[in-house]
Amino acid sequence: MTLEAMFPGTAVLVPMRATSVDEALEELAEVLAHAHGLSAGHVLTQLREREQLGSTAIGEGLALPHGRGEIERTVGALGISPEGIPWGDVPVHVVIALLSPLASTEHVKALAKIGRMFADGRLVAELRAAASATLARERFVGSPQ
């Protein structure tokens, strides 16, 4: 699964309006559902359930909320908050929401790939500076995988 397939142009939101974790989950659930033909309510439920288990903020200004559902392949949405969203004790500028199939380990591979991409913090800075969803997507899917 490539990032290009997981994150079509309609699955990128710049800038996010959210000022809280729950607002961010709501915003990205809507974007993810619209881009991939899913139920926004179902996506939001999955993202909230995972977030209740523990924060999905992983540092370097990045959060990776994710869930699993009755879908065929892993899909995602990317949101950029230039101002930052308070996510526990850290501000988050890049939020990547994923939804993966129930009977698959695809989500683990996707999370690991994305985690490696953001390991040094440079990509968060580049995405945070993106002036449009198109530019943010180009920087994200064009990053070394």
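To be clear, the structure that these remarks concern was listed above.
Engineer: Describe the overall build of the protein chain, listing the residues and the values that go with them.
Structural biologist: Scanning the protein chain for helices and strands turns up six helices and six strands. Along the protein chain, helices (α) and strands (β) appear in the sequence α-β-α-α-β-β-β-β-β-α-α-α when read from the amino end. Judged by the C-alpha coordinates and their principal axes, the protein chain covers about 35 × 30 × 25 Å. Of all 145 residues assigned to the protein chain, the portion counted as buried reaches 51%. Nonlocal contacts in the protein chain, meaning residues at least 24 apart in sequence, comprise 66% of its contacts between residues at least 6 apart. Counting every atom, the protein chain has about 6,900 Å² of accessible surface; 52% of that belongs to carbon and sulfur. The averaged location of the 17 negative side-chain charges in the protein chain is 7 Å from the averaged location of its 12 positive side-chain charges.

Engineer: Now, about the packing of helix 2 (residues 21–36) against helix 3 (residues 40–53): what can you tell me, with residues and values included?
Structural biologist: It is the contact of helix 2 with helix 3, at a shortest axis distance of 8 Å, that shows an interaxial angle of 140°. As summarised for this structure, helix 2 and helix 3 are arranged oblique, according to the angle between their axes. Read as a crossing pair, helix 2 and helix 3 show a hand that is right-handed. Contact residues: helix 2 offers Val21, Asp22, Leu25, Glu26, Ala29, Glu30, Leu32 and Ala33, while helix 3 offers Ala40, Val43, Leu44, Leu47, Arg48 and Glu51. Partitioned by chemical class, the residues of the contact of helix 2 with helix 3 number nine nonpolar, no polar and five charged.

Engineer: Tell me about the nonpolar core, and name the residues and values.
Structural biologist: Within the largest apolar cluster, 27 residues are counted, with the highest numbers of intra-cluster contacts made by Met16, Leu32, Val43, Ile85, Trp87 and Val95. Going through the elements one at a time, helix 2, helix 3, strand 5 (75–87) and strand 6 (90–101) are the ones with two or more residues in this core. The dominant element in this core, judged by the number of residues it contributes, is helix 2, at eight residues.

Engineer: Please give an account of the packing of aromatic side chains that cites residues and values.
Structural biologist: Here the structure, examined in full by the defined rule, presents two aromatic pairs. Where phenylalanine 118 meets phenylalanine 140, the ring centres are 6.2 Å apart and the plane angle is 35°; that geometry is what we call tilted. A residue pair is termed long-range when its members are at least 10 positions apart, and phenylalanine 118 in the loop between helix 4 (106–117) and helix 5 (122–128) and phenylalanine 140 in helix 6 (residues 133–141) qualify at 22 residues. Here the two residues phenylalanine 118 and phenylalanine 140 agree in accessibility, since each one is buried. Counting every residue linked through ring pairs, the aromatic cluster contains Phe7, Phe118 and Phe140.

Engineer: An account of the environment of methionine 6 is requested, with residue identities and associated values reported.
Structural biologist: Along the polypeptide, methionine 6 turns up in helix 1 (residues 3–6). A relative accessible area of 3% means that methionine 6 is categorised as buried. Residues methionine 6 and alanine 77, spaced 71 residues apart in sequence, show a C-alpha to C-alpha distance of 8.0 Å. In this structure methionine 6 touches Met1, His36, Arg73, Thr74, Val75, Gly76, Leu98 and Ala110, once residues within four positions along its chain are discounted.

Engineer: An account of helix 4 is requested, with residue identities and associated values reported.
Structural biologist: The terminal C-alpha atoms of helix 4 lie 17 Å apart, and with twelve residues this matches the ideal 16 Å at 1.5 Å per residue to within 8%. Where helix 4 is concerned, the buried positions are His107, Ala110, Leu111, Lys113, Ile114 and Met117. With its buried residues spanning 165° around the axis, helix 4 presents them on a single face. Residues of helix 4 that are exposed and point over 90 degrees away from its buried face: Lys109 and Arg116. Contacts made by the buried residues of helix 4 are with helix 1, strand 4 (66–69), strand 6, helix 5 and helix 6.

Reading the values: the criteria
- Residues numbered from 1 in each chain as written.
- Predicted model: local features only at pLDDT ≥ 70, side-chain atom pairs only at ≥ 80, totals over all residues.
- Heavy atoms only, no water.
- Helix = DSSP H or I, 4+ residues; strand = E, 2+ residues; numbered from the N terminus.
- Buried < 20%, exposed > 50% of the residue type's maximum accessible area, 1.4 Å probe, protein only.
- Contact = heavy atoms within 4.5 Å.
- Areas by Shrake-Rupley, 256 points an atom, 1.4 Å probe, with all protein chains shown as cover.
- Lys, Arg positive; Asp, Glu negative; His and termini not counted.
- Charge placed at Lys NZ, Arg CZ, Asp CG, Glu CD.
- Axes fitted to C-alpha atoms, helices over the stretch in contact; angles between N-to-C directions.
- Parallel < 35°, antiparallel > 145°, perpendicular 65-115°, else oblique.
- Left-handed = near helix turned anticlockwise from the far one by under 90°.
- Nonpolar A, V, L, I, M, F, W, Y, C, P; charged D, E, K, R; others polar.
- Core = buried A, V, L, I, M, F, W, Y, C linked by side-chain atoms within 4.5 Å.
- Phe/Tyr/Trp six-rings, centres within 6.5 Å; stacked < 30°, edge-to-face > 60°.
- Expected span 1.5 Å × (residues − 1).
- Arc of directions from axis to C-beta.

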